[in-house]
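Descriptive structure summary
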Amino acid sequence: MSAPHPDPAPRAARSRRRAAAGVCLLVLAGPAVGAGVARADDNGIADQSAQAIADATRKAMSGVTSMRMAAKVTEKSGTTSLDLRFDEGGNCVGTVTPPGNVGSAAIIKRGKDVWLKLDDALLRSQVPAAAANDAIALINGRYLHGTTGSLLLRDFADFCDLDFFKSELSSKPVNEQLAKGPRTSVDGQPAITVTSRQNGRTGTYQVSTEDEPYLLRVKGTEASGERIEATFSDFDKTVPAKAPAPSDSVDLSQLQ
């Protein structure tokens, strides 16, 4: 008798792809609007035009070697939550909570190796009811282990691609109208606000006014009504993507 083969990838991957697209579509660019007054103890970005802030932010984000992204994307089907840390070496660690509040998945990626752990609630929502108990018993709280070549894990691994996010965050959409807003803070870090409008899409961005002008937070609404909120932090810090012990994982080939 073959073991049950849980297949969470299609539904969860679609949610993650929508989250990635939503976050990355809200990227700073556009005509220059306004100017501010710099403070002596910051990086001077708040004294720049909206266009200059956008250009500086794109340049800063294109150069990061690692970062953390915590995002929520809300649409008709519910809210997808992500909390991921990834680096340019292919390492990644974090969690994904699909819409419906039916559990979460933890992911670890080191190079081409991928480990994925679904909690019991999410596992039950992804496999036929008759097979759920068998799947839970077989996996027994362990990670599913495979590679980036696995059909089951490929979408999870692709979502951990820092180069993809850097490319998207440094791209420049056309016909976007920007305006500079007030100073603010994100998790205690001082920032300058920039707002944008483009083809029914609105966005609010907070850019760091200390050190590098990194994008710290974005909030936006798509023309479809989809709402996106994401924060970025831990730039250029080591990603703690330690591989699970062999006893804490099960190879996907055992589930065929």
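Residues numbered from 1 in each chain as written. Predicted model: local features only at pLDDT ≥ 70, side-chain atom pairs only at ≥ 80, totals over all residues. Heavy atoms only, no water.

A regular strand carries its side chains on alternate faces of the sheet. Of the strand pairs in this sheet, strand β1 (residues 66–75) and strand β2 (residues 78–87) are connected by 10 bridges, and their pairing is antiparallel. Directly across from K72, in β2, lies its bridge partner S81. If you look at the hairpin formed by β1 and β2, you'll find 2 residues sitting between the two strands. Where β2 meets strand β3 (residues 92–97), 6 bridges bridge the pair, whose relative direction is antiparallel. Opposite R85, over in β3, you have V93 as the bridge partner. In this structure, the hairpin formed by β2 and β3 is closed by a connection of 4 residues, where G90 is found at a positive phi of approximately 90°. (Pairing = 2+ DSSP bridges. Helix = DSSP H or I, 4+ residues; strand = E, 2+ residues; numbered from the N terminus.)

In total, this model carries 1 disulfide according to the counting rule given. Paired by a disulfide, C92 and C160 hold their sulfur atoms 2.1 Å apart. The sign of the S-S torsion, about -50°, decides the handedness of the disulfide formed by C92 and C160: left-handed. A residue pair is termed long-range when its members are at least 10 positions apart, and C92 in strand β3 and C160 in the loop between α5 (154–159) and α6 (162–169) qualify at 68 residues. We classify C92 as buried; its relative accessible area is 0%. (Disulfide = S-S within 2.5 Å. Buried < 20%, exposed > 50% of the residue type's maximum accessible area, 1.4 Å probe, protein only.)

Here α6 has its buried residues at L162, F165, K166 and L169. Projected onto a plane normal to the axis of α6, the buried residues spread over an arc of 100° and lie on a single side. Structurally, the start of α6 carries an N-cap: the backbone nitrogen of D163 is 3.0 Å from a side-chain oxygen of D161. (Arc of directions from axis to C-beta. Polar contact = N/O pair within 3.5 Å; in protein donor to acceptor, adjacent residues only side chain to side chain.)

Bringing the pattern of salt bridges into the picture now. Evaluated as defined, the whole model comprises 6 salt bridges. With a shortest N-O distance of 2.2 Å, R58 and D55 are connected by a salt bridge. Note that R58 and D55 are positioned in helix α2 (residues 50–62) at a spacing of 3 residues, about one turn of the helix. In this structure R58 comes out as buried when scored by relative accessible area, which is 10%. (Salt bridge = Lys/Arg side-chain N within 4 Å of Asp/Glu carboxyl O.)

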